[in-house]
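# Geometric and topological summary
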Amino acid sequence: MAISYPQFIVSEKSPMEAKIIVPSSSSQASPSPPPLSSSMSPVVLTQDELKKIAAYKAVEYVESNMVIGLGTGSTAKHAVDRIAELLNQGKLHNIIGIPTSKKTYDQAVSLGIPLSDLNSHPVVDLSIDGADEVDPFLNLVKGRGGSLLREKMVESSSKKFVVIVDESKMVKHLGGSGLAMPVEVVPYGDLAVAKSLQALFEDSGCVAKRRTLDLDGKVPFVTDNGNHIVELFFKKDIGDLNTASDKILRIPGVVEHGMFLGLATTVIVAGELGVTVENKS
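Analysis parameters
- Residues numbered from 1 in each chain as written.
- Predicted model: local features only at pLDDT ≥ 70, side-chain atom pairs only at ≥ 80, totals over all residues.
- Heavy atoms only, no water.
- UniProt positions renumbered as here; feature names shortened; annotations may be inferred.
- Pairing = 2+ DSSP bridges.
- Helix = DSSP H or I, 4+ residues; strand = E, 2+ residues; numbered from the N terminus.
- Axes fitted to C-alpha atoms, helices over the stretch in contact; angles between N-to-C directions.
- Contact = heavy atoms within 4.5 Å.
- pLDDT = per-residue confidence, 0-100.
- Phe/Tyr/Trp six-rings, centres within 6.5 Å; stacked < 30°, edge-to-face > 60°.
- Lys NZ or Arg CZ within 6 Å of the ring centre and 35° of its normal.
- Parallel < 35°, antiparallel > 145°, perpendicular 65-115°, else oblique.
- Left-handed = near helix turned anticlockwise from the far one by under 90°.
- Nonpolar A, V, L, I, M, F, W, Y, C, P; charged D, E, K, R; others polar.
- Core = buried A, V, L, I, M, F, W, Y, C linked by side-chain atoms within 4.5 Å.
- Buried < 20%, exposed > 50% of the residue type's maximum accessible area, 1.4 Å probe, protein only.

- As annotated in an unreviewed UniProt entry, the protein is ribose-5-phosphate isomerase from Lithocarpus litseifolius.
- Within the UniProt record for the protein, the comment given under Sequence similarities (unreviewed entry) is "Belongs to the ribose 5-phosphate isomerase family."
- Here the protein is described in UniProt, under the heading Catalytic activity (unreviewed entry), as follows: "aldehydo-D-ribose 5-phosphate = D-ribulose 5-phosphate".

Here you go:
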């Protein structure tokens with residue numbers, strides 16, 4: 001189940017071990033361009049091209065008659081496109097998609113992917129989604145697009161959860177990118193909740209900000225569930241993640257946070273030197 005690309009190696013590994021795997025002859029595999037000759041210049045791939053490579057690799061895990069969680073974001077969009085392509089080609093049959101956002105719902109409808117919801121399908125065979133950060137233990141930060149609640153509901157209901165990222169998303173610890181770790185909160189008293197969250201992680205140099213749609217910070221971002229997002233920025237490691245999760249969820253007004261702990265079963269990382277498949281140990 002590997003994809004070949006110019007000057008690309010596909011390896012499959014646990015977080016501690018790695019091995020080279022032979023490209024698959026699966027009908028779902030992406031077309032393989034011919035190898036570069038020694039006279040040709042190295043291929044420089046854009047971040048979006050790396051995302052597409054990871055997404056196409058993830059779709060190789062999809063089989064007919066599956067209920068599939070359809071992720072949200074620029075990387076997951078490529079996976080949804082690929083699933084629709086294989087359905088139209090007759091290489092996949094009887095797929096039911098569970099979208100994790102209104103945006104993904106609209107995309108899937110436009111592509112003709114049959115859809116349902118968790119009420120009708122409380123157990124999902126496989127989910128495919130991107131991530132904002134991945135640590136060495138395959139814990140994730142997700143939800144910078146604002147869909148973290150529905151993503152976590154679908155992906156925690158999945159037998160398998162395949163995460164697709166480019167190598168820029170790999171971090172030594174969650175929050176290590178310096179970018180936001182989102183927390184979904186109810187609109188009532190959201191700024192007070194933000195102050196409580198900031199105080200909770202004061203030792204980690206946390207700064208909490210309400211996500212807004214304007215430069216003046218007066219128009220809050222609203223999720224598909226009608227809630228707001230508080231973004232947490234850390235200067236230091238926040239320590240034990242399960243403890244941090246429990247503390248966040250105990251704050252009144254918090255709906256859910258963007259740490260996805262122990263949910264990913266496989267992480268596919270596309271980088272300039274190849275595609276790495278990391279499996280939960």
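### Regarding the sheet that holds strand β12 (residues 254-257)
- In space, the four strands of this open sheet follow the order β10-β11-β9-β12, with antiparallel pairing throughout. In this open sheet, the two strands that pair with only one neighbour each are β10 (207-210) and β12. Strand-to-strand twist across the sheet, computed as the mean angle between neighbouring axes with direction ignored, equals 25°.
- The sheet contacts of helix α4 (residues 148-155) involve β9 (181-185), β11 (228-233) and β12, and relative to β12 the element is tilted by about 65°.
- Where helix α6 (residues 241-250) meets the sheet, it contacts β9 and β12, and its direction lies at approximately 155° from that of β12.

### Points about the sheet that holds strand β6 (residues 133-134)
- Taken together, three strands build an open sheet; the order of strands is β6-β7-β13 and the sheet is antiparallel. Whereas interior strands pair on both sides, the edge strands pair on one side only; in this sheet they are β6 and β13 (259-260).
- Across two bridges, β6 lies against strand β7 (residues 140-141) in antiparallel orientation. Considered in β7, the bridge of Glu133 is made with Val141.

### Quick word on the confidence of the model for the protein
- Averaged over all residues, the pLDDT of the protein is 88; the fraction at 70 or higher stands at 85%.
- Below pLDDT 50 for its whole length, residues 1-9 participates in 45 contacts with residues either more than four positions away or in separate chains.
- When the criterion is pLDDT under 50, residues 29-39 qualifies, and its contacts beyond four places in sequence or with other chains add up to 19 contacts.

### A look at the packing of aromatic side chains
- Under the criterion given, the structure shown has one aromatic pair.
- Sitting over the face of the ring of Phe260, Lys142 holds its NZ or CZ atom 5.5 Å from the ring centroid.
- Between the NZ or CZ atom of Lys209 and the centre of the ring of Phe233, over which it lies, the distance is 5.6 Å.

### A short note on the packing of helix α1 (residues 47-59) against helix α2 (residues 74-88)
- Put simply, α1 and α2 touch, their axes get as near as 8 Å, and they point 50° apart. Classified by the angle between their axes, α1 and α2 sit oblique to one another. As for the relative orientation of α1 and α2, their crossing is right-handed in sense. Where α1 approaches α2, its residues Asp48, Lys51, Lys52, Ala55, Tyr56 and Val59 are matched on the opposing element by Ser74, Thr75, His78, Ala79, Arg82, Ile83, Glu85 and Leu86.
- Here the residues of the contact of α1 with α2 sort into six nonpolar, three polar and five charged.

### Focus: the nonpolar core
- Val62, Ile68, Ile83, Leu126, Ile128, Ile164 and Ile268 are the most contacted members of the largest nonpolar core, which has 29 residues in total.
- Elements supplying a minimum of two residues to this core: α1, β3 (67-70), α2, β5 (124-130), β8 (158-166), β14 (266-271) and β15 (274-279).
- When residues no more than four places from it in sequence are discounted, the contact partners of Ile68 are Val62, Ile83, Ile95, Ile96, Gly97, Ile98, Val124 and Leu126.
- Core analysis: the second largest hydrophobic core is formed by 21 residues, Met181, Cys206, Leu241 and Val254 among them.

### Observations concerning the pairing of β9
- Most of β9 sits inside the fold, with five of its five residues counted as buried.
- On β9, burial covers both faces: Met181, Val183 and Val185 on one face and Pro182 and Glu184 on the other are all buried.
- Note that β9 and β11 share five bridges and pair antiparallel. Residue pairing in the sheet places Pro182 in a bridge with Glu231 of β11.
- Looking at chain direction, β9 and β12 are connected through three bridges and run antiparallel. Directly across from Glu184, in β12, lies its bridge partner Glu256.

### Some remarks on the environment of Leu138
- Within the fold, Leu138 resides in the loop between β6 and β7.
- Residue Leu138 is classed as buried on the basis of its relative accessible area of 2%.
- On a C-alpha basis, the gap between Leu138 and Gly262 in space is 7.1 Å, while along the polypeptide they are 124 residues apart.
- With sequence-adjacent residues up to four places away left out, Leu138 is seen in contact with Ala264, Val267, Glu278, Asn279 and Lys280.

### Overview of unusual backbone geometry
- The backbone of Asn65 shows a phi angle near 70°, a positive value even though the residue is not glycine.
- Under the relative-accessibility criterion, Asn65 is labelled exposed at 54%.
- Of note, the phi angle at Asn94 is positive, near 55°, even though the residue is not glycine.
- In this fold, Asn94 is placed in the loop between α2 and β4 (96-99).

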